[in-house]
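What follows is each chain in one-letter form.
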Amino acid sequence: MNGGTMMILDGKALSAQRVAQLAAEVEDFVADGAAPPHLAAVLIGDDGASKTYVEHKVRKCAAAGFRSTLIERGADTTQEELLEIVEGLNADPMLDGFIVQLPLPAHLDAASVIEAIDPRKDVDGFHPENMGRLALGLDGFVPATPSGIVQMLAHYGIETCGKHAVVIGRSDIVGTPMALLLSRNNAMGNCTVTLCHSRTVNLADEVRRADIVVAAVGRPGTVTADMLKPGATVIDVGITPVEDATAKRGYRLKGDVDFEGAKAVAGAMTPVPGGVGPMTIIGLLENTLKAAKRRT
Ligand code: NAD
């Protein structure tokens, strides 16, 4: 138990602060004669959640003084057409970085699309070169969600050095880069990391040893209070829409963690929504500004 002192890790408030700081940085950048950072997003198909995420990213670009371009194509876009769009964006000198919103419709091969992105414009950090740089502790673009999470840990003064972190989920975009980032020898790393996944035999035993838990599964109720070490920091990446007739849109977003139960045990925890989600966008804007500062 935590004696009723759990700290909420408020990603929404921190993200608003960071957007204001980024806007000030962009103002200086532009005052020095440079064009504002420019991000493009490619959205294929009509997945409602993807559309919402992309619109959010475009709105935050405007709030931070960035330029943004949204490229929308139908669900029947072919692999060749998408690769052509990527080639065009790679070659566009007016563009600092771009993302191809995932998931792509099933007939498209995301891995080869990501490999076709110029690593210098890969502000999502998903290209093998950027992932390799992360693994080797070299400078590159770090995927936005893990980057937003370590910023949140730093802001709230959560020690990582020497701590045991348990990451649940091994996706290329969250779990794997998160485990890498926390294990690196840098200011927000130096954890001993356990990476759990669908074949982990006893998840509860693994999680119980964690000082820091990062849950990125997409299944509500994956982490319950009885699985937590008292005082643990709990980062909930999961976003699952769950039907709720009392909610305005008819559904509510739920994380992977049983928040109500866990709040009596955890030392600090992110809410869903309002935790990791808003910080993810910050990671993306920071990568885009970094790309803009590298213009030759
Ligand atoms: P994914 O859907 O690609 O993979 C899920 C992972 O969970 C897999 O690695 C799998 O091995 C693991 N897993 C499945 N069942 C498990 C079990 N019973 N025990 C342990 N591990 C298990 O993952 P993703 O794309 O990283 O997404 C995970 C969740 O995070 C989703 O809800 C997604 O919507 C959300 N997400 C949120 C943000 C954000 O900004 N807040 C960003 C990305 C993803």
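Sequence order as written defines residue numbering, which begins from 1 separately in each chain. In keeping with the model being predicted, local features are shown solely for residues with a pLDDT of at least 70 and side-chain atom pairs are shown and tallied solely at 80 or more, while totals for entire chains, interfaces and linings include all residues. Here the side-chain values reflect all heavy atoms present in the structure, with hydrogen atoms and water set aside.

Chemist: Hey, could you run me through the overall build of the chain in this one?
Modeler: The number of helices and strands found in the chain is ten helices and eleven strands. When we talk radius of gyration, it's over C-alpha atoms, and the globule rule is simply 2.2 Å times the number of residues to the 0.38. The C-alpha atoms of the chain give a radius of gyration of 19 Å, which matches the 19 Å a tight globule of 296 residues would have. When the backbone C-alpha atoms are referred to their principal axes, the chain occupies close to 55 × 40 × 40 Å. Relative accessibility under 20% of the residue-type maximum defines a buried residue, over 50% an exposed one, and the middle range a partly exposed one, all with a 1.4 Å probe and only protein chains included. Within the chain, buried positions represent 48% of all 296 residues. Residue pairs in contact within the chain that sit at least 24 positions apart in sequence constitute 71% of those at least 6 positions apart. Using a 1.4 Å probe, accessible areas were evaluated by the Shrake-Rupley method; residue-level cover was limited to the displayed protein chains. Of the roughly 13,800 Å² of accessible surface on the chain, a fraction of 54% belongs to carbon and sulfur atoms. Across the chain, the centroid of the 28 positively charged side chains sits 5 Å from that of the 36 negatively charged ones. Under the DSSP-based scheme used, a helix requires at least four consecutive residues in state H or I and a strand at least two consecutive residues in state E, with every element numbered from the N terminus. Contact definition: two residues touch when any of their heavy atoms are within 4.5 Å. The charged-residue count follows a simple rule in which Lys and Arg add positive charge and Asp and Glu add negative charge, with His and chain termini not counted at all. Note on charges: their place is set at NZ of Lys, CZ of Arg, CG of Asp or CD of Glu.

Chemist: So what exactly am I meant to see when it comes to the domain arrangement of the chain here?
Modeler: You'll often see interface size given as the accessible area lost when the parts meet. The domains assigned to the chain are domain 1 (33-118) and domain 2 (143-277). Just the C-alpha atoms count here: the centres of domain 1 and domain 2 sit 27 Å apart. Domains are outlined according to an automatic or database domain assignment.

Chemist: It is not clear to me how a nonpolar patch on the surface should be interpreted in this structure. Could you clarify?
Modeler: Exposure above 30% relative accessible area and no salt bridge define the residues that can form patches, which grow by joining like charges within 9 Å and nonpolar side chains of Val, Leu, Ile, Met, Phe, Trp and Tyr within 5 Å. Salt-bridge detection follows one rule: a side-chain nitrogen of Lys or Arg within 4 Å of a carboxyl oxygen of Asp or Glu. A cluster of nonpolar side chains, contributed by Tyr53, Ile239, Tyr251 and Leu253, occupies part of the molecular surface with about 330 Å² of accessible area. The topology assignment puts tyrosine 53 in helix 2 (residues 48-63). A residue is classified by how much of its surface remains accessible, and tyrosine 53, at 37% relative accessible area, is partly exposed.

Chemist: Could you clarify how one ought to interpret the site of the ligand in this entry?
Modeler: One heavy atom within 4 Å of a molecule or strand is enough for the residue carrying it to be called near that molecule or strand. Among the 19 residues in the neighbourhood of the ligand, the closest are listed as Arg170, Ser171, Ser198, Ile239 and Thr280. A 3.5 Å cut-off defines polar contacts: any pair of N or O atoms within that distance qualifies, except that in protein one atom must be a possible hydrogen donor and the other a possible acceptor, and neighbouring residues in sequence count only when both atoms are side-chain atoms. The backbone of isoleucine 239 places a nitrogen or oxygen atom 3.0 Å from an oxygen atom of the ligand. At a separation of 2.8 Å, an oxygen atom of the ligand approaches a polar side-chain atom of threonine 280. Compared with its free state, where it exposes 860 Å², the ligand has 72% of that area covered by protein. Looking at the shell around the ligand element by element, the count peaks at three residues for helix 10 (residues 276-293).

Chemist: What is the right way to look at the side chain of threonine 145 in this model?
Modeler: By the secondary structure assignment, threonine 145 is in helix 6 (residues 144-155). With relative accessibility at 13%, the residue threonine 145 sits in the buried group. Looking at threonine 145, its side chain comes within polar contact range of the side chain of threonine 280, at 3.1 Å. Other than its neighbours up to four places away in sequence, threonine 145 contacts Val174, Val237, Val276 and Thr280.

Chemist: How should I be thinking about the sheet that holds strand 4 (residues 97-100) in this particular structure?
Modeler: Whether parallel or antiparallel, the strands of a sheet pair through hydrogen bonds between backbone atoms. Spatially, 3-2-4 is the arrangement adopted by the three strands of the open sheet, whose pairing is parallel. In this open sheet, the two strands that pair with only one neighbour each are strand 3 (67-73) and strand 4. Pairwise comparison of adjacent strand axes, ignoring direction, gives a mean angle of 15 degrees for this sheet. Strands pair, by our definition, only if DSSP identifies at least two bridges between them. For strand 2 (residues 38-44) and strand 3, the ladder comprises seven bridges, and the chain directions are parallel. Opposite histidine 38, over in strand 3, you have arginine 67 as the bridge partner. Every angle, taken between N-to-C directions, lies between 0 and 180 degrees, and every axis is a line fitted to C-alpha atoms, over only the stretch in contact when it is a helix. Here helix 3 (residues 79-91) sits on the sheet and contacts strand 2, strand 3 and strand 4; the angle it forms with strand 2, its principal contact strand, is near 180 degrees.

Chemist: What is the right way to read the packing of helix 6 against helix 7 (residues 175-183) from this model?
Modeler: For the pair helix 6 and helix 7, interaxial distance at closest approach is 9 Å and the crossing angle is 40 degrees. With respect to each other, helix 6 and helix 7 are oriented oblique. Like other packed secondary-structure pairs, helix 6 and helix 7 cross with a definite hand, here right-handed. Seen from helix 6, the contacting residues are Pro146, Ser147, Ile149, Val150 and Leu153; seen from helix 7, they are Pro177, Met178, Leu181 and Leu182. Taken together, the residues of the contact of helix 6 with helix 7 break down into eight nonpolar, one polar and no charged. Just so you know how the angles are binned, under 35 degrees is roughly parallel, over 145 roughly antiparallel, 65 to 115 roughly perpendicular, and the rest oblique. Left-handed describes a crossing in which the near helix is turned anticlockwise from the far one by less than a right angle; the clockwise case is right-handed. Amino acid classes used here: Ala, Val, Leu, Ile, Met, Phe, Trp, Tyr, Cys and Pro are nonpolar; Asp, Glu, Lys and Arg are charged; the rest, including Gly, are polar.

Chemist: Looking at this structure, how should I read the packing of aromatic side chains?
Modeler: What characterises a pair of aromatic rings is the spacing of the ring centres plus the angle enclosed by the ring planes. Pairing of aromatic side chains here covers Phe, Tyr and the six-membered ring of Trp, requires ring centres within 6.5 Å, and sorts the geometry by plane angle: under 30 degrees stacked, over 60 edge-to-face, intermediate tilted. Tallied over the full model, the rule gives zero aromatic pairs. Look at NZ for Lys and CZ for Arg. If either is within 6 Å of the ring centre and within 35 degrees of the ring normal, a charge sits over the ring. Here the guanidinium or amino end of arginine 294 rests over the ring plane of phenylalanine 141, the centre of that ring lying 4.9 Å away.

Chemist: What is the right way to read the side chain of histidine 127 from this model?
Modeler: By secondary structure assignment, the location of histidine 127 is in the loop between helix 4 (110-116) and helix 5 (128-136). Setting aside its immediate chain neighbours within four residues, histidine 127 contacts Ile114, Glu115, Ile117, Pro119 and Asp122.

Chemist: Just to check I follow, could you spell out the pairing of strand 8 (residues 233-236) for this structure?
Modeler: For a regular strand, the rule is simple: side chains alternate between the two faces of the sheet. Side-chain alternation along strand 8 places Thr233 and Ile235 on one buried face and Val234 and Asp236 on a second face that is also buried. Pairing analysis gives four bridges linking strand 7 (residues 212-215) to strand 8, with the strands arranged parallel. The partner of isoleucine 212 across the bridge, within strand 8, is threonine 233. Where strand 8 meets strand 11 (residues 268-269), two bridges bridge the pair, whose relative direction is parallel. Counterpart to valine 234 in the pairing with strand 11 is methionine 269.

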